[in-house]
Amino acid sequence: MKEKLLKWAEAGDGDCMYKLAKIYQVEENFDKYFEWLRKSAETKNFDAMKEFAEVLRNGEEKIRDYEKSMSLYKELVETFRDEESMEKIVDMCEQGQGVEKNDKDLLNYILETINDMYNDIYYIKNINFLARTFVFKTRRHNECTMEYLQAVERRRIAARVRKILAEN
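Just so it is clear, the structure is predicted and the values come from calculations on it, not from any experiment.

## Considerations on unusual backbone geometry
Turning to step 1, where the next piece is worked out: Notably, Lys44 is not glycine yet its phi reads approximately 70 degrees, a positive angle.
Turning to step 2, where the next piece is worked out: With respect to the element layout, Lys44 can be found in the loop between α3 (30–42) and α4 (46–58).
Turning to step 3, where the next piece is worked out: For Lys44, a relative accessible area of 44% gives the class partly exposed.
Turning to step 4, where the next piece is worked out: In this structure, Arg81 is a non-glycine residue whose phi angle is positive, near 55 degrees.
Turning to step 5, where the next piece is worked out: Turning to its location among the elements, Arg81 is positioned in the loop between α5 (66–80) and α6 (83–95).
Turning to step 6, where the next piece is worked out: The class for Arg81 is partly exposed, based on a relative accessible area of 33%.

## A short note on the packing of aromatic side chains
Turning to step 1, where the next piece is worked out: Evaluation of the coordinates by the stated rule reveals two aromatic pairs.
Turning to step 2, where the next piece is worked out: For the pair Phe34 and Phe52, a centre-to-centre distance of 5.3 Å together with 50 degrees between the ring planes defines the contact as tilted. Separated by 18 residues along the polypeptide, Phe34 in helix α3 and Phe52 in helix α4 bring together distant segments of the chain.
Turning to step 3, where the next piece is worked out: On the accessibility criterion, Phe34 (21% relative accessible area) is partly exposed.
Turning to step 4, where the next piece is worked out: Geometrically, the ring pair formed by Phe46 and Phe80 is edge-to-face, given 5.0 Å between the ring centres and 70 degrees between the ring planes. Of the two residues, Phe46 is situated in helix α4 and Phe80 in helix α5; the sequence distance between them amounts to 34 residues.
Turning to step 5, where the next piece is worked out: With a relative accessible area of 27%, Phe46 lands in the partly exposed category.
Turning to step 6, where the next piece is worked out: According to the relative accessible area criterion, Phe80 is partly exposed, its value standing at 34%.
Turning to step 7, where the next piece is worked out: The cationic tip of Lys39 hangs over the ring face of Trp36; the distance from NZ or CZ to the ring centre is 4.4 Å.

## Digging into helix α9 (residues 146–167)
An α-helical turn contains 3.6 residues, so a residue and the one three or four places further along point in the same direction.
Turning to step 1, where the next piece is worked out: Spanning 22 residues, α9 covers 32 Å between terminal C-alpha atoms, matching the ideal 32 Å at 1.5 Å per step.
Turning to step 2, where the next piece is worked out: Listed as buried for α9 are Glu147, Ala151, Arg154, Ile157, Ala158, Arg160, Val161, Ile164 and Leu165.

## Here we look at the environment of Ala151
Turning to step 1, where the next piece is worked out: Structurally, the position occupied by Ala151 is in helix α9.
Turning to step 2, where the next piece is worked out: Owing to a relative accessible area of 3%, Ala151 belongs among the buried residues under this scheme.
Turning to step 3, where the next piece is worked out: Taking C-alpha positions, Ala151 is 8.8 Å from Ile114, a pair spaced 37 residues apart along the chain.

The rules behind each value
Residues numbered from 1 in each chain as written. Predicted model: local features only at pLDDT ≥ 70, side-chain atom pairs only at ≥ 80, totals over all residues. Heavy atoms only, no water. Helix = DSSP H or I, 4+ residues; strand = E, 2+ residues; numbered from the N terminus. Buried < 20%, exposed > 50% of the residue type's maximum accessible area, 1.4 Å probe, protein only. Phe/Tyr/Trp six-rings, centres within 6.5 Å; stacked < 30°, edge-to-face > 60°. Lys NZ or Arg CZ within 6 Å of the ring centre and 35° of its normal. Expected span 1.5 Å × (residues − 1).

These figures capture arrangement, not role.
Here is the structure:
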């Protein structure tokens, strides 16, 4: 199995690169893990990008790179609209990791992104309105959808950002 993954990973398959990295992680071959995780992240594999950003942020001193981690989190927000990455950016901004502490431009960027996303959520909810009503058979169907839960998470992040901006 590992040989096939290696063959496909060497051919450029990002998913296989990520799976190979996870195998090396379990085998505790961290140099190979880091190498294949980086390569997979470069192919825009969502899971690899998140994990690589986290490794760069919280890994050992020799591999720590806050700027690259921040860049990956921004790319995850822009490409995948990932709420967890938004939260990580706010955390790094509060701690001054890779950016100036409480960087107003970056925090405002997160707020603008969240505001743009609310409209997306609203339209998605309306498109799927009838299907969700039939599935959940409840008047409060919107509280059962993934879009609703994502919107709640974004509101929480936006409130946190507003609080940080108000304190500075």
